[in-house]
Amino acid sequence: MPAPKTSVHLPVFDISKSLTPSSMASLSLACKEWGFFHIINHGISKDLYTKLRFLSYQLFSLPYDRKLKAGPTSNAKTYTPHFIASPFFESLRVSGPDFRASAQSSVEALLNQTNSEFCEVLREYGVKMRSLSKKITEILLMCLGEDFEREFESEFSKCEGYVRINNYSPPESRMAMGKGVEGLGMHTDMSCLTIVYQDDVGGLQVRSKDGKWLDIDPCEETLVVNIGDLLHAWSNGRLRSSEHRVVLKECVNRFSLAFFWCFEDNKVIFAPDEVVGEDLRSYRPFLCSDYLRFRENNVRGRFEKVGFTVKDFAGIGGG
Ligand SMILES: O=C(O)CCC(=O)C(=O)O
Ligand SMILES: [Fe+2]
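In this text, all values refer to a predicted model and were calculated from it rather than measured experimentally.

*Asks:* Whenever I open this one, the sheet that holds strand β11 (residues 244-248) confuses me. Can you help?
*Replies:* Hydrogen bonds between backbone groups are what pair the strands of a sheet, and the pairing can be parallel or antiparallel. One open sheet accounts for four strands, arranged β6-β11-β8-β9; its pairing is antiparallel. A strand with exactly one partner marks an edge of an open sheet, and here the two such strands are β6 (181-187) and β9 (213-215). Strand-to-strand twist of the sheet, defined as the mean angle between neighbouring strand axes without regard to direction, takes the value 25°. The pairing of β6 with β11 spans four bridges and is antiparallel. Bridge pairing in β11 places V181 opposite L248.

Printed below as a string of structure tokens:
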């Protein structure tokens, strides 16, 4: 008997070139089946990533009470300490449109002084991710059908993004690890799309339609892109927002950068008639910020199981 499949095979797209009809077809299929795919030649150099990682570690290695200066009860509210998403996960959020100013206010809250290198690196990373997100969204609209390219300006022009710098530190003993621990529990993303730069440790997993967990293996200089709940609802479910999680299998630190590209808070998300076509409508219209609030309220104190998605919030007749 062949060994059970543990990794998913996702297509890789060279984002520096225009996609051929056959690569468009395979992208459409990946978005329908998995809601995940890979991109290369994205313009984020290894050097930029390495710098950002090094500078972030300096912040994550600050004493706990220092880090809480930017924690959930501070003015900055950009640091998420351990035990909120999971015991092994902490993160720092830097938001657009002014990534430099956002990085600066986080860093000042943490250090009581600025770190101009960190702010500049985040500005560069945020700006590059923003234009990458626009480009990918345009390609995804082309996948939905030729007429949707013009939707871009009217529907997506006010989108903005934020970077979440994720640091995973599993227990130090192998005994405590057992078969692995959840670094980040099962969830869908509250974005239109998410772009993840994962390191070589691995552990990111996607849930298949029949409920199996499959690894998304890291690959040098390759970014992972996934569809979030907002674009899933906007596309009437044609672009899939899949459940995913991070499992830590080794006693080593894992580092990732996730960029979330989102609709503006006051946008009413409602799939255009042309997108719905002959299908039944799967989602009622909803205000973006109401969904974000719904998710926040359900996540608090429930890090062991997140689970809630846009289907629970706005799905019609079982979504
Ligand atoms: O750390 C990763 O690879 C993915 C993180 C993730 O899914 C998220 O931040 O939403
Ligand atoms: Fe995620």
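*Asks:* Whenever I open this one, the coordination of the iron ion (ligand 2) confuses me. Can you help?
*Replies:* Each pair of donors in an ideal octahedron of six around a metal sits at 90 or 180 degrees, and each pair in an ideal tetrahedron of four sits at 109.5 degrees. The coordination sphere of the iron ion (ligand 2) contains the protein donors H187 (NE2), D189 (OD) and H244 (NE2), at a distance range of 2.1 to 2.2 Å. Along the chain, the residues that donate to the iron ion (ligand 2) are spaced as H-x1-D-x54-H. Within this pair, whereas D189 is found in the loop between β6 and β7 (193-198), its partner H244 is found in strand β11, the two being separated by 55 residues in sequence. Accessibility classification places D189 together with H244 in one group, the buried group.

*Asks:* Please clarify how the packing of aromatic side chains should be interpreted in this entry.
*Replies:* Taken as a whole and judged by the stated rule, the model has 15 aromatic pairs. With a centroid separation of 4.0 Å and 10° between ring planes, the pair formed by Y49 and Y197 is classed as stacked. With Y49 in helix α2 (residues 46-60) and Y197 in strand β7, the pair connects residues that are 148 residues apart, well separated along the chain. With relative accessibility at 5%, the residue Y49 sits in the buried group. Each residue in the set F286, Y291, F294, F308 and F313 is aromatic and connected to the rest through ring pairs, giving one cluster. For K267, the ring lying beneath its charged end belongs to F263, and the centroid distance is 5.0 Å. Sitting over the face of the ring of F313, R284 holds its NZ or CZ atom 4.9 Å from the ring centroid.

Definitions and limits used
Residues numbered from 1 in each chain as written. Chains lettered and ligands numbered in written order. Predicted model: local features only at pLDDT ≥ 70, side-chain atom pairs only at ≥ 80, totals over all residues. Heavy atoms only, no water. Pairing = 2+ DSSP bridges. Helix = DSSP H or I, 4+ residues; strand = E, 2+ residues; numbered from the N terminus. Axes fitted to C-alpha atoms, helices over the stretch in contact; angles between N-to-C directions. Donors = N, O, S within 2.8 Å, 3.2 Å for Na, K, Ca; no water. Buried < 20%, exposed > 50% of the residue type's maximum accessible area, 1.4 Å probe, protein only. Phe/Tyr/Trp six-rings, centres within 6.5 Å; stacked < 30°, edge-to-face > 60°. Lys NZ or Arg CZ within 6 Å of the ring centre and 35° of its normal.

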